[in-house]
Each structure stands twice: as C-alpha cells, then as structure tokens.
Protein chains: 2
Amino acid sequence: MSITIKDVAKKANVSIATVSRVLNNSNIVEEDTKKRVQEAVRELVYLPNNLGRSLSIKRTEAIGLILPDLFGEFFSEVIRGVDQTAQHHKYHLLVSSSHDDRKEIETALQMIRGRVDGLIIMSADIDVQTINKNLPKSLPVVLLNCQVDDTSYDSLNINNYYGAHQMVSHLINHGHKSISIIKGPVNNHDAEERLRGYRQALRDGKAQFDSELESPGDFSEASGYDAARTILKKKTRPSAIFAANDSMAIGALSAIQEAGVQVPEEIALAGFDDIPIVQFVKPSLSSVRVSINDLGVLAVNRLIQAIREKNKFIKQKTLVPVEVIPRESCGCPKPPRIPFYRTISN
Amino acid sequence: MSITIKDVAKKANVSIATVSRVLNNSNIVEEDTKKRVQEAVRELVYLPNNLGRSLSIKRTEAIGLILPDLFGEFFSEVIRGVDQTAQHHKYHLLVSSSHDDRKEIETALQMIRGRVDGLIIMSADIDVQTINKNLPKSLPVVLLNCQVDDTSYDSLNINNYYGAHQMVSHLINHGHKSISIIKGPVNNHDAEERLRGYRQALRDGKAQFDSELESPGDFSEASGYDAARTILKKKTRPSAIFAANDSMAIGALSAIQEAGVQVPEEIALAGFDDIPIVQFVKPSLSSVRVSINDLGVLAVNRLIQAIREKNKFIKQKTLVPVEVIPRESCGCPKPPRIPFYRTISN
DNA sequence: AATGCTTATGTAAACGTTTACATTATAATA
DNA sequence: TATTATAATGTAAACGTTTACATAAGCATT
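Quick caveat: nothing in here was measured; it's all calculated off a predicted structure.

## A few points about the protein's contact with DNA strand C
In the region of DNA strand C, 28 residues are neighbours, and Ser20, Tyr46 and Ser56 of chain A together with Ser15 and Arg21 of chain B sit closest. Atoms of DNA strand C within 4 Å of the protein: sugar and phosphate make up 67%, bases the balance. Between Ser20 of chain A and DNA strand C, the recorded distance is 2.4 Å, taken from a side-chain N or O atom to a phosphate oxygen. Between DNA strand C and the protein, one listed contact pairs a base oxygen with a backbone N or O atom of Ser56 of chain B at 3.4 Å. Every element with two or more residues in the surface near DNA strand C is listed here: α2 (16-23) and α4 (50-57) of chain A together with α2 (16-23) and α4 (50-57) of chain B. Sort the elements by how many residues they give to the surface near DNA strand C and α4 of chain A lands first, with five residues. Residue composition of the surface near DNA strand C, grouped by class: 13 nonpolar, eleven polar and four charged.

## With respect to the protein's contact with DNA strand D
Among the 28 residues in the neighbourhood of DNA strand D, the closest are listed as Ser15, Thr18 and Arg21 of chain A together with Ser20 and Ser56 of chain B. Within 4 Å of the protein, atoms of DNA strand D come from sugar and phosphate in 66% of cases. Within the side chain of Arg21 of chain A, one N or O atom sits 2.7 Å away from a base nitrogen of DNA strand D. Residue Ser20 of chain B places a side-chain N or O atom 2.4 Å away from a phosphate oxygen belonging to DNA strand D. Per element, the largest residue contribution to the surface near DNA strand D is five residues, and it comes from α4 of chain B. In the surface near DNA strand D, the residues fall into 13 nonpolar, eleven polar and four charged.

## Brief notes about the domain arrangement of chain A
Interfaces are often sized by the accessible area lost when the parts come together. Residues and elements named next belong to chain A. Taken domain by domain, chain A consists of domain 1 (62-159 + 292-320) and domain 2 (160-291 + 325-330). Computed over C-alpha atoms only, the centres of domain 1 and domain 2 are separated by 31 Å. Between domain 1 and domain 2, a total of about 820 Å² is buried, with carbon and sulfur atoms accounting for 48% of that surface. Taken as a group, Gln147, Ile158 and Asn159 account for 58% of the area that domain 1 buries against domain 2, more than any other trio of residues on that side. Applying the counting rule to domain 1 against domain 2 returns zero salt bridges. Put simply, domain 1 and domain 2 have eight residue pairs in polar contact (both at pLDDT 80 or more) between them. If you tally residues by element for the side of domain 1 that touches domain 2, the top one is helix α12 (residues 292-308), at four residues.

## A short note on the sheet that holds strand β7 (residues 214-215) of chain A
All names here are of chain A. Taken in spatial order, the four strands line up as β7-β6-β8-β9 in an open sheet, and their pairing is parallel. A strand with exactly one partner marks an edge of an open sheet, and here the two such strands are β7 and β9 (268-270). When strand β6 (residues 179-182) meets strand β8 (residues 240-243), the two strands line up parallel, connected through four bridges. For Ile179, the partnering residue across the bridge sits in β8 and is Ala240. Against the sheet, helix α8 (residues 160-173) engages β6, β8 and β9, with an angle of about 170° to β8. Of the strands in this sheet, β6, β7 and β8 touch helix α9 (residues 189-204), which is tilted by about 175° from β6.

## As for the packing of aromatic side chains
Scanning the model with the defined rule gives zero aromatic pairs over all chains in all. Its guanidinium or amino end placed over the ring of Phe272 of chain A, Arg194 of chain A lies 3.7 Å from that ring's centre, counting from NZ or CZ.

## As for helix α10 (residues 221-233) of chain B
Helix length check: α10 of chain B, at 13 residues, gives a terminal C-alpha distance of 19 Å against a target of 18 Å (1.5 Å per residue), a fit within 8%. Against the buried residues of α10 of chain B lie β6 (179-182), β7 (214-215), β8 (240-243) and α11 (246-258) of chain B.

## Focus: the nonpolar core
If you look at the biggest cluster of nonpolar residues, it comprises 96 residues, and the most contacted ones within it are Phe242 of chain A together with Phe242 of chain B. In this structure, Leu94, Leu109 and Ile121 of chain A together with Cys146 of chain B belong to the second largest nonpolar core, which totals 40 residues.

Procedures and definitions
- Residues numbered from 1 in each chain as written.
- Chains lettered and ligands numbered in written order.
- Predicted model: local features only at pLDDT ≥ 70, side-chain atom pairs only at ≥ 80, totals over all residues.
- Heavy atoms only, no water.
- Near = heavy atom within 4 Å.
- Polar contact = N/O pair within 3.5 Å; in protein donor to acceptor, adjacent residues only side chain to side chain.
- Helix = DSSP H or I, 4+ residues; strand = E, 2+ residues; numbered from the N terminus.
- Nonpolar A, V, L, I, M, F, W, Y, C, P; charged D, E, K, R; others polar.
- Domains from an automatic or database assignment.
- Buried area = accessible area lost by both parts, 1.4 Å probe.
- Salt bridge = Lys/Arg side-chain N within 4 Å of Asp/Glu carboxyl O.
- Pairing = 2+ DSSP bridges.
- Contact = heavy atoms within 4.5 Å.
- Axes fitted to C-alpha atoms, helices over the stretch in contact; angles between N-to-C directions.
- Phe/Tyr/Trp six-rings, centres within 6.5 Å; stacked < 30°, edge-to-face > 60°.
- Lys NZ or Arg CZ within 6 Å of the ring centre and 35° of its normal.
- Expected span 1.5 Å × (residues − 1).
- Core = buried A, V, L, I, M, F, W, Y, C linked by side-chain atoms within 4.5 Å.
- Buried < 20%, exposed > 50% of the residue type's maximum accessible area, 1.4 Å probe, protein only.

Right, here's the structure in full:
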C-alpha cells in the first residue's frame, strides 16, 4: 500500500542498500546514482518508515514522559520544559498522562515500553515493584517527584525543605517574631518537608517556636480558610502566616479579609508553589516558586546521560532548587507582572 | 541483550509462534503448553517489544498531537482532552510541541510519522503543502484551529462568530444600545470572525451600528488599555465594550478603573477566551468560553473514525461550540468560582 | 487398515529498515 | 598483461514480532 524503500530501489534501478545509503547520506555513493535515487524518492514521494528504522538501529530517538492526571499550568510547564530539552538533544517526546491508579500506570508503562529510549516518570504513588515488573532494567528511567527510596533509580525532587526555610527566614527578616504555619496533609512528603523547613528556620532565626503556632491543613483552599479563622481568634495573634501551599494561602487570605484585618500591615502571609493566581489576588501573594522548567531540563539531561552511558552509572537523587518570590502579602512591593498565559487568540 | 520471544520459546521448548499465541491469548493452544510458556515468560521477565509488534501488525495504536509552542493552561487542557479520549479508545498519545516555524513543524512531522496511526495538528501557520510533503496521504489527519481552506483534510475550528454574537447579544439584553468593540489584529482569522459576530449581533438586536464604535487592537493587553482610553474620551461614550479577547479586556479594565469609571455600573465590559485570570480580577470579567475539552474530544473522535475507515470518507469542517460565561463585568452576579488549578502539592 | 477430520504445533515469510560482508568494476601498479 | 588496491554497489542477515500455511498427531468413521 505505502511506498517503501523497495519501490524506490526498483524505480532507481539500484539495491535497497544503496537507497538506504543515499538517505543516510553515506559518502561512498556515486554522485550519479545518488541523483537517480533522490529523483526516485521525489517522484514516488517516499517517506521512510521510522518503525523499521528503529527496529534496525535499536534506537527510537524518543523519550517518554508519564504524568499523573494532567491538570493546569503545572504539568503544561513540565511538558514544555521536557519537550524543549528533548528537542535540543534531538529526541522526540511521547507523553502519556491521566494515570491516577496503579493499574493505569502499568498499562501506560507497557504501552510506552519499546517506543522510547528512556522514560521520565512523574507519579506520586508509583512503587519500584511496578517499574521493575513492567520495564526492562536496561531502560533508563528518571523519577520526578516520586517518593521512592530505592537507590537504583535516578530521582529528582523539589527542595521543599529549603524553600520553606527560605520563605520563613524572609518573614523573619521582615521583623516577624511570631509566625504561624498552616500545614499540609499528614503523611504527605512535600508537606512534611515544608514543615521541617519552617521549624528549622524558626530555630535558625531565633523566632518563637511553639506547637500552638502550627495549624492543620490539607492543601485545600477551604482548609486554609478554616485555619486562618482559628488563628485570628487566638488571644495572642501571630504577626505572619506561612501556608504550606498557595491554595491554602488564598483561602487564608479570604478569611483574613473577611475579618477586616489588613494584609500585610496587620498580618503578613506567604504561600508555596507560586501558582499563577497568586499574582492576581489583592494583595499579591508572596510564594516559593519551583522552577518547573528546571525540573524538565534536569530530568531530560539526566535521562539523556543515562541513555548515552547505557544506563550503567551511579544513580543519584537530586533536589531541584526553589526561589522565594516576595510580593505584597509579606510587605514587599509588588514585582512586575509576569505574563503567564497565552491563549488561542494570541 | 534484552529478552525476546525467542528466548522464551527456547526456555519453554516451543516455537515462537506458540509463544506469540499464548501472549495474544489465542484459544487454540493447549492448557499445558500455555502454562509452560507463561512460566518461561515470568522467569525470564519477558517484555514484548512494541516496535516489532507494530511493524508486523502495521498499527502502532498511538495517535500524535502536534502543538505550537506550549504555553499556559490552554494547551494543557487540549492535551488533557485528547489524551483522555485517546485512552478511552485504547490509543496512546504522542505529543510534540514548541513548533513555531515551518521548519520545526516539518521535522516534527517527519519524526512522528510511522509512529502513529493518526495525527492531530494544531498550528496557526501550517499549510497544506507542508502536510502533503511530509506525511503519507494514507495517514489520517485532523486539523485543529488551523486556517486551511483545503477540503481534503478534516478540520475543527472555534466558533468565533457565534461566540461573539452571543456575547454581544447578551450585552444587548442587559439593555445596552451602544456597544463598542476592541478588535483583534487585522488578517487574523479569529479576530475577523469575532468582529463579524459582533456586527451581526448589533444588527439582529437593533442596536446602534457605527464604525466609530470599532476600535483597533491586536489582542495584547496594552492595545486594550489604549483602546479603552480612546473610547472613554469620546463625547458620546458607549455603555458597553466588547473586547475581542480577554487580554485586551483586562487592559481595558485597567484603563477604565484608572479613569475612575465604574464597571459595570457606568460601562459594561466583556471579553473572549475565558482565560483563568478573568475569574480573579475585580470585577470578574464576562467572557466566552471555548470548551477546550470538547475540542480534544471531537478531534480524537474524528481521528479514530478516520483511522477505522482507513481515511476513506468525506472530510469535513466542524465548528466547536462556545459558551457565554456571564460575570460581574457585564452586570451579572459573580458565579461560583471554578477551581482551575492543581498544583504539585495537591 | 485406510481415510478423513480436528486440533495443536511448527515453519517460514512478512513488516521496513540498516549494515556487515561479498561481489564487481575501475584504476593503479608491476 | 596480469595483479592488486580501491571504490561502488549488491546480497542477505538482522532487528522482534505476527500469521498464513504446512505438518503431525490423535481420533472417529468407513
């Protein structure tokens, strides 16, 4: 049905080997035959089949990216970073998303296997067993923000501890002595690390340390709202609140404003993640930005290295740097707005 | 190096054909040998190679998605819709993005070709020639928001005309008789259609029709700002402004507020695209929402149909429905906020 | 006991490439 | 002119599957 290298060979009156050589511009083919082959290629509109090629050369020149349920800007940015870096290394990207349970991840792994030379997996609840069972050990893998202890895989994780530490230290530098935290869900690794960073920053900054200052939360806007209400009712009100993520910070902001309390004059506020909305709320929210782009770049670079070295090198765990973005809610001036969105009509 | 079907065959003392039959659970294989083969598969941790399989069955069971530069929520939503629908049809998704110029699109097409059974292309400036030159005519293709007139390809486009018409009609229903438009860039197809919808809505609603009411713009926030300032200075000020996209509407909002004019009391405002920020500005902006999810679902469904029917059926152009989302800026109450973001810590 | 019919398994071709190796043609050397 | 080195091309195996067809074994029928 479709035109193959054989058709070209026949038309140009050469062997398929010669055609292949012309296509991969091997230099040992005579100018005249080269012309003839190229002519045939053009006339027949021959398009080489990547499958056959990959099978033969045992490389696909593509890398895979497995994501959890794709939602919002965050994953879009991950894809963007990964794709650009992959392209830079002349690799294609194969994305598979929306895998929330273990079963779906398994099928995704099975599907992608053989189609890529390496794989980046981002999934909160994947375990080493699942990977081992569904992927050949020869396939290079990089884990992105997964919580696996296994040392046999490369992994990249957000530096939650450092980010929280920096943000809280920043608040301390603003002169705050009594800083509350609205915590994330228990047993959530990101949340635990952020809490750890908060506590250490208090110690390091010689600020007040008190379990009374730690309010529960679950990363939802509603829990941030509730926590802030409770905090405001306390007899000794803290002068600042650090929410373990932006959603809770936004919920807290609503509660604070409803109570008629001024941010940052009467109480300062900061979040974590630097989701786009935080620039648009009033006052704009200070937050900790994860360079999602870096995340993708690092992951791909590591993967490409693994591919090049045939997966034979020491695996390592890497912490991705984060950055405090001070805005109005902690008492800093509002920085110039970063255009974050591009729409279809732009 | 890696375990193939041959190794399994040897270990189980059967032919590779039998192994293949067991793997694809053909029912004509005896229970006893089946057991033996499965045992061998387990012991060797055999993982079938998709490439060989695809080459043999002449299907990849994957579809491709070519996107322009990936930025922001919009494309993330497109991918999401496409991936979910693809998965529903048991197809994999291969995404390739960041293709801004023709050259990059060409390499993307060449790379993806052979790896997918069908392709969705979303690119403002792709032309039919490029497609024809780089893809076999047998490969099913669906164009998403591309501006090609060629009838040999299926295409999906946003219903800009209808959306603008609906939005402007909505303003008319609010009692506005004099409605300005801030236009998009000249020669931009989306912009032209939105203008056409605006004009027709005025006629249909018997509202004032005057070229004075049409201000130039280029879809940028700055141009919206400028346009609004000009509009406010006119001796006969319109009672409403329809911006051809949300970015311009946000720019216009800034200008209006700086002038101390109340929205929507003194002047109503509406945009187009329903980008996420519009829910968070004060007052929240009425806009026209493009169901991006529908876009993906429709595209995939059409593509799968094309694949099933081997690309032999009548191609068609489809308009994707849009929906007016009334908010405070046109005088409607603020609707409950839709959670749009999910962050890494959620 | 020979024949035919199932049923299970094996053989080998096919899918579309690349590439090691073999062959031929050409030119250079003795 | 015969020999050898070099350059261009061809042959065929390999990559890992699936599957049409061939074969063999078992069994029922005559």
